[in-house]
Amino acid sequence: MKRIIIIALFITSLVFTGCTDKREVDDLIIATAIALDLNEEGSLELSIQILNVHSVGNRPMDAAPVVVIAETGRTVQEVLRKISTIIPEKLFFSHFVLLVIGEELAREGILPYVTFFAINQDALHRFNIAVARGCKGKDVLKIVSVAAHVPSMSAEGKLLETSKYYGIGKYYTNDEVLSDIRSEGISLSLGSIQIIGDPEKGSDLENRKKTDLEAYTKASTIAVFKKDKLIDWMDEEESLGYNYISGKIKNSYIVVTKGDGTFASVQVMKVNSKTKPILENGKIKFKISISFLAEITEDLSGETSHDNAYVRDILERTNYEIRLLCEKAIQKAQTIKADIFGFGRLLYRKKYKLWLEIKDRFEEEIFPELETEIVVQGKITRVKP
Amino acid sequence: MKIPAAHGRNFCLKVSKLRIIIDKVKKMAIFKKGKENKKQKNQQGQKTQFPVSNDDYLKKELYATVRENIDYLKIYQGECWDFVTVKFTLENNHQEIDVGLAYLAGLVDQKLLNKTVIDALNRNFLKAKKELPEGEERFRFFKSKVLIAIGIDEAESFGKLFNALLSGDMIVFLEGCNKCLIVGARMYQERAVEKPTTQITVMGSNDSFNENLLTNLSLLRKRIKNPNLIFKNYILGKESNTNVVLAYIKGLVDENVLQEVEKRIQKAELPEVTDASYLEVALREKQFSIFPKIFYSERPDTVANNILEGRIAILCDSSPEALIAPSVFIQFLHSTDDFHQKAFIASFFRLLRTMGFLLSLFVPSLYILLIFHHSELLPVNLLFSVAGQRIQTPLPAYLELFTVMVAFDLLREAGTRMPTAIGTSLSFVGAIIIGQSSVDAGLISPIIVIIVALTGIGALAIPNYKLNLATTITKYILAIISVAFGSFGFTLALVMLLVHLSSLRSFGVDYFAPFAPFSKEGLKDSLIRVHLENLRNKWRQKKQYPH
C-alpha cells in the first residue's frame, strides 16, 4: 500500500510539471516589438507589433509581415488586458526584440515601464531599448522594412550594427538600462531611431516594391538621460566620442585632413579604452587612454605612401581627431550635467571613501568642472595601396 | 527588484534533488520485500518443465543382432521417407556375416557410400585369414582392417547412434556385436560463402558465415593459425540437439568470463536452438533491457578480431551469426571498417556514427520539447519560420510528429522484407507520396519531414541492426515522455536511461564500460580509436573491457 502511494506521488508530480500551461508554437501570438507613447490626452499609448505568422513559413501569403495594434490606458497592465479584446490568444513576449519609447514619454520618465517588462512578462532580458527621435514609437513600428522581413528585427539590426561598426548609435538591453538607472554614479544614455520620410506611406506594403523608398527608419545618435528622463541629444561627433570612451566601437573610421588640405580615411579597429581616476592635490582627475589599430584605406590626394613620415603624420592626425571627438563628448556631457560615461561609478569602485564624501554633489557640481586627460595612442598596421 | 531565475537552472536543481530521492527510495525496505516475493515465485515456477518428446533412446544400449537394432531404429524413423536401411551378407572362405547399414538419404554422400564403403566392406572382408568370433574381436577387425581411412567412430548406445545418424553419418551394424560403426559420410547442402548482407564494409575481407558450422569454423581457422585456438563443442536444445561451439584462445581469454559462459550453457534448458538468437535469450543476464546485450557478427574477420582480443565467440549450427561474449555497449557503434582506416579517420567516423545514434534517439523529443513546451528557447528567426510553417497545418505538433514517425518506420519495415524489384517502387512511393505530397497538401509541415528524416538517417548510420531497432523503440518512448511530462520528464528519462545502461552487465562485465565505470584506458577504443599498436597488448594484459 505504502509502495503504491509513493509511486502515485511520483507519477502525479510528473504530470503536474508538463502539460499544464503548455502553448504550442502555432497557438502563439508573437510580439516582435513594443512601443510606448504618450497620446494627445497625456495617457499611455502602447503599441504592439505582432508577427503575421501567415506571412512567414514555406508558403507565405502576400500580406504585411506584422500588424501593429495600439491601445491606451493608465498602466501597461491595463493596456495589455485591453489588447486581449483585439487578439484571440495571450501574447507571447519571449521573443520581442525591441522596445521603442516615444520622445515625449522619454522626457516624462521611463523607469516604471522598463521595470514592468523586466519583472512582469515572460520576456527574455535581451530586448533592446531605443528612443524614437522626434516621432512616436508607434510610427517606428509601422514602417515596413526591406532587408529583414520583420521590421523590428531590421531596426534591432541597425542599432547593433551602427553601435559596433560606425559608432553613433547605442545597443542597450533591458538589464543594462535598469542597472544604469538604478545604480549611482552613471547617467543613462540610449540609442535612438529616426523616421526619414512620411510614416503613413512607410506603413504601406507598396513601399517595399519601390526602389526609392517613401519612408524608412534609421538608427540615430545617442539620447542622454538624467535619472530616467530624456534631457538632450548628442550630435554625431559627440556620439562617436562617447562610443570611443566607453569602448563600444569595434570597427570605425576617421577622416583626417592632411597638411595640404586633402582628406584621407583611416579604418580604426580593435579600439581599447581605459578610464582611470587619479587623485592630484586633492583634486580628482580622469585619465582616459584609448588605443587602437588602424589601416590607411584611402587618400583623396591620389596615392598613399608607405613612407614612414607619411604614415606617422596620418597617425598623429588620427590620434588628434579621436581626441577631439572624445573631448567634444565630454564637454557636451558636462554642459548638460549628465555623467553618461560612468565616472562616478568608477570612483565608487576605485575610491569608495572619496565617493561617499562627494556623491551627493558629484553630478551637479564636480562633474561639470572635472578635468580629464585623454591619451590616444594608435598603431597603423597596414597601408592599402 | 527580483528578476525570475532562468528555467535551466531550476531544472538542474530539481533533477539532482530527484535523483537523491530515487536513490533513497531504492534503499527503502518496501521495494526489497517485493523482490523477495518475486524470487520465491520464480523458484516455484522452475519446477514445472516443458514437455519433452520420447527420449528413451538416450539410455538404450545396442542389441547384438542386426535385425533387432534396425527394428529399434524403425520405431523412431520407420515412417520417414529419407530413412534408408540396407541389410546384406558378407562372405569369405571362412564365414558369412550379416551387415546392416542405416543412413538418411539426403545427408549422406551417395558416391562415398557406393564407391568406398560398400566396396571396402566387400574387398577387405575377403582378406580375413580366419573365422571371426562374435563380439569384440570381430568389431576390432572391422574397425581397423575393413573400414579404414574413413572418418570412423563407434557407438554403444542409441543416444550417440542417433546423434550421428541425424547429423548425416552412416551406421554400420555387425551381426553379433553390441556396438556399431559410425562412418563419417556427411554431405550437407550448403550456401556458398558469400558477401555479408547486414554488416557491410567498404574495405577488408568480404566473406561471411554461412549456415554450416564446420565451414564457419574453417573460416576462423584460416584467420587464426594458433594451436591455442579452441573450439569447444556443446549439444544444446533437448528437441533439436544443435551443435554449439565456443571459440576462444587459451591464455588470451578471460577465465572468469569463460567459466561464466560455460556455466550458463550447461545450465541452459532449451527445447530448441534453431538459431543463435535462441541462445542469446538463454545466455544473457536476467535483466530487462531493450538494448541488445550480446554482440553478434556474420563477419569472420570481426569474430576473429574479437577472439584475438580475448573474447569468446559462440557459434551455432545452421546460424550465420556468431555471438560474442562479453559485449559492451560501445561495440554496437563500431564497424569493422574502423580497423581498415587510420586512427584519425576512424575516430572521426566513429564520432559521426555516435552523433547519428544520438540524433536518432533525441531529435524527435527535443523537437517536441522546443515546439510544445519551450517556444521561448528557440532563436527568434527559427521561431518565426517554424511558426509560419506550423500555422498552415491542421494537426497538433505531437500528433504530426507521431504520424510521420510511424509512417517512416512503417515504410522502413515494409522495405526490409520487400523483394528488390518492389523495393524501388516502395521507396518511390515513400518519398513522393508521404513526403512531398503531404507537405504540398498542407497536411504536415516541412520541418517535421526534416526532423523525421534526420532521425531516420541517424538510425541508418548505426552499424548494428539490433541496436537500430532498440533505438527506434527508445525514440518513441522518449518522445511520448517529452509530450506528456515536458522537459523535466525528459531530463528524468535521460537520467533513467543512463542509469539503466550503467546497470546492465554482459557475462559479468559492465555493459556501459568504459564510461561507467570510467576507464581512461578503455576510452582509447570507444568513441575514438587510437593507433592499433597502442591498444591491444595493454588490454590483453589487463583483461579489461572494452578491448
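See the structure shown above.
If you're wondering where the values come from, they're calculated on a predicted model, not measured in any experiment.

Asker: A description of the overall build of chain A should follow, citing residues and the corresponding values.
Answerer: In terms of regular secondary structure, chain A is built from 13 helices and 13 strands. Dimensions along the principal axes, computed over C-alpha positions, put chain A at roughly 85 × 60 × 55 Å. Burial statistics for chain A: of 385 residues in total, 39% are counted as buried. Considering only contacts in chain A between residues 6 or more positions apart, those separated by 24 or more positions represent 71%.

Asker: I'd love a proper account of the nonpolar core, names of residues and values included.
Answerer: Grouped together as the largest cluster of nonpolar side chains are 178 residues, with contacts concentrated most on Val 100 and Ile 101 of chain A together with Ile 312, Ile 314 and Ala 322 of chain B. The leading source of residues in this core is helix α11 (residues 343-373) of chain B, at 11 residues. Apart from the residues within four sequence positions on either side, Ile 314 of chain B is in contact with Val 244, Leu 246, Leu 279, Ala 322, Leu 323 and Ala 325 of chain B. Within the second largest apolar cluster, 30 residues are counted, among which are Leu 62, Phe 158, Phe 162 and Leu 181 of chain B.

Asker: So what's going on with the sheet that holds strand β12 (residues 283-299) of chain A? Residues and values would help.
Answerer: All names here are of chain A. The strand order across the open sheet formed by 4 strands is β10-β11-β12-β13, and the pairing between neighbours is mixed. Two strands lie at the open edges of the sheet, namely β10 (251-257) and β13 (371-383), each paired on one side alone. Strand-to-strand twist in this sheet, taken as the mean axis angle between neighbours without regard to direction, amounts to 35°. Here helix α9 (residues 236-246) sits on the sheet in contact with β11 (263-280) and β12, set at roughly 60° to β11.

Asker: Mind laying out the environment of Cys 326 of chain A, listing which residues take part and the relevant values?
Answerer: All names here are of chain A. Relative to the helices and strands, Cys 326 resides in helix α10 (residues 308-335). Given 25 C-beta atoms within a 10 Å radius, Cys 326 is considered buried. Separated by 83 residues in the primary sequence, Cys 326 and Asn 243 place their C-alpha atoms 8.6 Å from one another. Contacts of Cys 326, omitting those with residues within four sequence positions, involve Gly 241, Tyr 244, Ile 245, Ile 288 and Ile 374.

Asker: Quick rundown of the sheet that holds strand β3 (residues 152-155) of chain B? Include the residues and the values.
Answerer: Residues and elements named next belong to chain B. Read across the open sheet, the 5 strands follow the order β1-β2-β4-β5-β3; overall the sheet is antiparallel. Edge strands, defined here as strands with exactly one partner in the open sheet, are β1 (83-91) and β3. Going from strand to strand, the sheet's axes swing by 25° on average, the running direction of each strand aside. Across 4 bridges, β3 lies against strand β5 (residues 180-183) in antiparallel orientation. When the sheet's bridge partners are listed, Asp 153 is paired in β5 with Ile 182. Sheet contacts for helix α4 (residues 110-125): β1, β2 (96-104), β4 (170-174) and β5; angle to β1, the most-contacted strand, approximately 25°.

Parameters and conventions
Residues numbered from 1 in each chain as written. Chains lettered and ligands numbered in written order. Predicted model: local features only at pLDDT ≥ 70, side-chain atom pairs only at ≥ 80, totals over all residues. Helix = DSSP H or I, 4+ residues; strand = E, 2+ residues; numbered from the N terminus. Buried ≥ 20, exposed ≤ 12 C-beta atoms within 10 Å, placed from the backbone. Contact = placed C-beta atoms within 7 Å. Core = buried A, V, L, I, M, F, W, Y, C linked by C-beta atoms within 7 Å. Pairing = 2+ DSSP bridges. Axes fitted to C-alpha atoms, helices over the stretch in contact; angles between N-to-C directions.

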